[in-house]
Number of protein chains: 2
Amino acid sequence: MKPTVHDIAREAGVSLATVDRVLNRRPGVRAATRERVEEAIDRIGFVRDVAAANLAKSRTYALAFVIPESDNSFMQALRDEVADARLRGALERTDIRLIAVPAFDEAALAQALDALIDNPPAGVAVVAIDAPAIQARMERLHEAGVAVVTLVSDLAASGRDHFTGIDNLAAGRTAGSLMGRFLSSRAGAVAVIAGSLRLGDHRDRLTGFSERLGEIAPTIRLLEVMESQDDPARVEALLNSAFRDHPDMIGVYNLGAGNRGLVAALTQTTGEAPVAIAHELSPLTRKALEDGLIDAILNQDPGHEIRSAIRVLKARADGLPVIAAQERIRIDIFLKDNLP
Amino acid sequence: MKPTVHDIAREAGVSLATVDRVLNRRPGVRAATRERVEEAIDRIGFVRDVAAANLAKSRTYALAFVIPESDNSFMQALRDEVADARLRGALERTDIRLIAVPAFDEAALAQALDALIDNPPAGVAVVAIDAPAIQARMERLHEAGVAVVTLVSDLAASGRDHFTGIDNLAAGRTAGSLMGRFLSSRAGAVAVIAGSLRLGDHRDRLTGFSERLGEIAPTIRLLEVMESQDDPARVEALLNSAFRDHPDMIGVYNLGAGNRGLVAALTQTTGEAPVAIAHELSPLTRKALEDGLIDAILNQDPGHEIRSAIRVLKARADGLPVIAAQERIRIDIFLKDNLP
DNA sequence: AAGAATATGAGGTACGTAAATCAGAAATTT
DNA sequence: AAATTTCTGATTTACGTACCTCATATTCTT
């Protein structure tokens, strides 16, 4: 039979109250007694029954998710996943609030965080803009005992407890590998479009891509990176002019959002189709993959990210350790053949 | 506040006992009353608190995993994951038994299943051999009210409730895509090694691979498939002779186990390295990826599979529906750049 | 209409933990 | 040695559900 708190008490020769004090780090236990209890816990292999504990605590974890209200499908999916998690809240004893803030708007984000500082939940997950004002607020939350997680895009250095998102340098390298191998030994130019190089994740992807492509396909000429602000129209315009200016363009990597523009530009190309690689699986990119317009999609699963963030926030709120390996978000590669 | 059974009782104007009878399908409730209660449940949006329910039931789910005792790293990993899940059992209220049976041994598997029929757990997960004797036993278990899941390798048609594993046809196509694209427009031969074509998953992979490679790279000459019985030594021998017999061999796909033999054979090749694709990430294949010996690894995550199987078995044991989308096992593609 | 059968109500205990109270013991200070 | 502070024990209630018993109400049989 699974050992219970009563077994600890008996085993350590103390009362239930003392066991409770030790288990829940309440004061009023001499060091010697505490050790006796902990030793008994180890000896009989007691594991707290989380279900019963939560039931007794009737604890709910108040969590807040701060996510930009961009209309790109990835952020949309992220918000949808939060909404889903919100519905599951009753079962998981979470009370989740979704706070949508204007995208790229540092002031609005800062304001949202200030509101959270005034009325702090147990944990906060933020798709952060890497700016001092934001970092300062993250640290303030952290110091107030709030569990803090950055989502998708990390801060350079911050009071965050954890980053939930992919390794964007590795993602860029992966894109570089695929581009290089798909192009094989062909010679020509490759265009790269970023949303904004002020975003840490976009910078990392660019770095990784350039490095790896250089290693694997030195004959390729990498065009200067273009910035789209994640705007599909701009992506399309930039690409169209690039195709015009560089007739030998044989590859495109869109490392940001705005894939609608990528697909539009690719549809218009004539002659041999360029190799196209982009990020984030959506109905649009899925169809483009199936149609052969796009050759590979790198993806981070928004559902995984939200669920991981929730697990981490709950664990941190309880002062429990996080199993890093379990919370690593994978870089998925999708071809038309392994679509989920 | 989350509604409880008491709220249902009040709302439906019945006693707690009646609510309990309705919730747990106990007899002794008139149809009209039952409807009143169910209507109240819907109206107030009651969701049973699973944690409290399990606590009250002090229910544990007795589950059995039947897995071949092959020494290849994937089956090893699968068994390790079961062992891990076993340790978590106290928390998740599962009592998991791992039954290792000799690989490829139909009689031993049948015997193991017979033992389970005599002393049926709540759920069984089996890495099944596709044979009538096995199917019959699966159906017998199913009819005895045991939740039944096939693991990794599915049966053609069976009384199973669910298949936990990847779509192997899609996996084969994915391998075909990668092989075709990595080889680009080169001409030459590609070798395929299977474990045994009597295994459904290996057959599917082969079919997918051949189809897709034919579509994408018609200039490639596909050598006749070789069978290794998942034995590394045989894989190596087969490959060595293939390299000798076909000097234009530019690609290898090992769709079964025995990657140690693949790596050994690849290490000995001279001249331009062939494109190599294999299944299952392990320390060995990981290193081969990093060293550039292997170009891509397709992977199914054993941890995901075991956890998914447990979720499905628990849900089935409770008569709850399974969210198919959530239980789909993905085909992971790993290059040296996106290793986890 | 009496008896039998079936529905329902009322109330309790249990699951394993949290959290509180209060009394008494032990250690520390004065 | 007395007063104070710090530990510890004993006991209780609560969380939401399951499951049991017993009593009473309602319906069905004959």
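Residues numbered from 1 in each chain as written. Chains lettered and ligands numbered in written order. Predicted model: local features only at pLDDT ≥ 70, side-chain atom pairs only at ≥ 80, totals over all residues. Heavy atoms only, no water.

So, on to the protein's contact with DNA strand D. Close to DNA strand D lie 27 residues, the nearest being A:T18, A:V29, A:R30, A:T33 and B:R48. When the atoms of DNA strand D within 4 Å of the protein are sorted by group, sugar and phosphate make up 70%. One nitrogen or oxygen atom from the main chain of A:R30 is found 2.4 Å from a phosphate oxygen belonging to DNA strand D. B:N24 places a side-chain nitrogen or oxygen 3.2 Å from a phosphate oxygen of DNA strand D. Of all the secondary structure elements, the ones that give two or more residues to the surface near DNA strand D are α2 (16–23) and α4 (50–57) of chain A together with α1 (5–12) and α4 (50–57) of chain B. Take the surface near DNA strand D: its biggest share by element is 4 residues, from α4(B). Looking at the surface near DNA strand D residue by residue, the class counts come to 11 nonpolar, 8 polar and 8 charged. (Near = heavy atom within 4 Å. Polar contact = N/O pair within 3.5 Å; in protein donor to acceptor, adjacent residues only side chain to side chain. Helix = DSSP H or I, 4+ residues; strand = E, 2+ residues; numbered from the N terminus. Nonpolar A, V, L, I, M, F, W, Y, C, P; charged D, E, K, R; others polar.)

Another point: the protein's contact with DNA strand C. Lining the immediate environment of DNA strand C, one finds 27 residues, of which A:R48, A:A56, B:T18, B:R30 and B:T33 sit closest. Protein-proximal atoms of DNA strand C, defined as those within 4 Å of the protein, fall in sugar or phosphate at a share of 71%. Between DNA strand C and the protein, one listed contact pairs a base oxygen with a side-chain N or O atom of B:R21 at 3.2 Å. For DNA strand C, a phosphate oxygen lies 2.5 Å from a polar atom in the backbone of B:R30. When contributions to the surface near DNA strand C are tallied by element, the ones reaching two or more residues are α1 (5–12) and α4 of chain A together with α2 (16–23) and α4 of chain B. Looking at the surface near DNA strand C residue by residue, the classes come out as 11 nonpolar, 8 polar and 8 charged.

Here we come to the packing of helix α5 (residues 73–87) of chain A against helix α14 (residues 302–317) of chain A. Residues and elements named next belong to chain A. Between α5 and α14, whose axes approach to 9 Å, the crossing angle comes to 45°. By the angle class used here, α5 and α14 are oblique. The two elements α5 and α14 cross, and the hand of that crossing is right-handed. Counted together, F74, A77, L78, E81, V82 and A85 of α5 and P302, G303, E305, I306, R307 and I310 of α14 form the full contact between these two elements. Within the contact of α5 with α14, the residues separate by chemical class into 8 nonpolar, 1 polar and 3 charged. (Axes fitted to C-alpha atoms, helices over the stretch in contact; angles between N-to-C directions. Parallel < 35°, antiparallel > 145°, perpendicular 65-115°, else oblique. Left-handed = near helix turned anticlockwise from the far one by under 90°. Contact = heavy atoms within 4.5 Å.)

Turning our eyes to something else, we now look at the sheet that holds strand β5 (residues 162–164) of chain B. Residue and element names in this part refer to chain B. Pairing within the open sheet is parallel, and its 5 strands lie in the order β2-β1-β3-β4-β5. Because the sheet does not close on itself, it has two edges, and the strands there are β2 (94–101) and β5. Here the average twist between neighbouring strands, direction ignored, is 20°. The pairing of strand β4 (residues 147–151) with β5 spans 3 bridges and is classified as parallel. Residue pairing in the sheet places L151 in a bridge with T164 of β5. Running over the sheet, helix α5 (residues 73–87) touches β1 (61–68) and β2 and is turned about 155° from β2. (Pairing = 2+ DSSP bridges.)

This part covers the pattern of salt bridges. In the structure shown here, the tally under the stated rule is 44 salt bridges over all chains. The salt bridge partner of A:D301 is B:R330, with a shortest N-O separation of 3.5 Å. Residue A:D301 is found in the loop between β11 (296–299) and α14, and its partner B:R330 is found in the loop between α15 (324–327) and β12 (332–334); the two belong to separate chains. One exposure class covers both A:D301 and B:R330, and it is buried. (Salt bridge = Lys/Arg side-chain N within 4 Å of Asp/Glu carboxyl O. Buried < 20%, exposed > 50% of the residue type's maximum accessible area, 1.4 Å probe, protein only.)

What follows covers α1(A). Residue and element names in this part refer to chain A. Every buried residue of α1 is listed here: I8, A9 and A12. Looking straight down α1, one finds that the buried residues subtend no more than 100° of arc, so they occupy a single side. Contacts made by the buried residues of α1 are with α2 and α3 (31–44). Two or three places before H6, at the opening of α1, T4 has a side-chain oxygen 3.1 Å from that residue's backbone nitrogen. Count one or two residues on from α1 and you reach G13, which has phi positive near 65°. (Arc of directions from axis to C-beta.)

Our focus in this paragraph is the relation of the copies chain A and chain B. With an RMSD of 0.4 Å, the operation that places chain A on chain B is a rotation of 179° combined with a shift of 0.2 Å along the axis. Taken together, these values place the two copies in the relation of a two-fold axis. Using C-alpha coordinates, one finds that chain A approaches the rotation axis most closely at A:A51, a distance of 2.5 Å. Both copies share a contact surface, since 100% of the interface residues of chain A are interface residues in chain B too. (Least-squares fit on C-alpha atoms with pLDDT ≥ 70 in both.)

By the assigned domains, chain A splits into domain 1 (5–48), domain 2 (60–165 + 302–329) and domain 3 (168–299). Between the C-alpha centres of domain 1 of chain A and domain 2 of chain A there is a distance of 35 Å. (Domains from an automatic or database assignment.)

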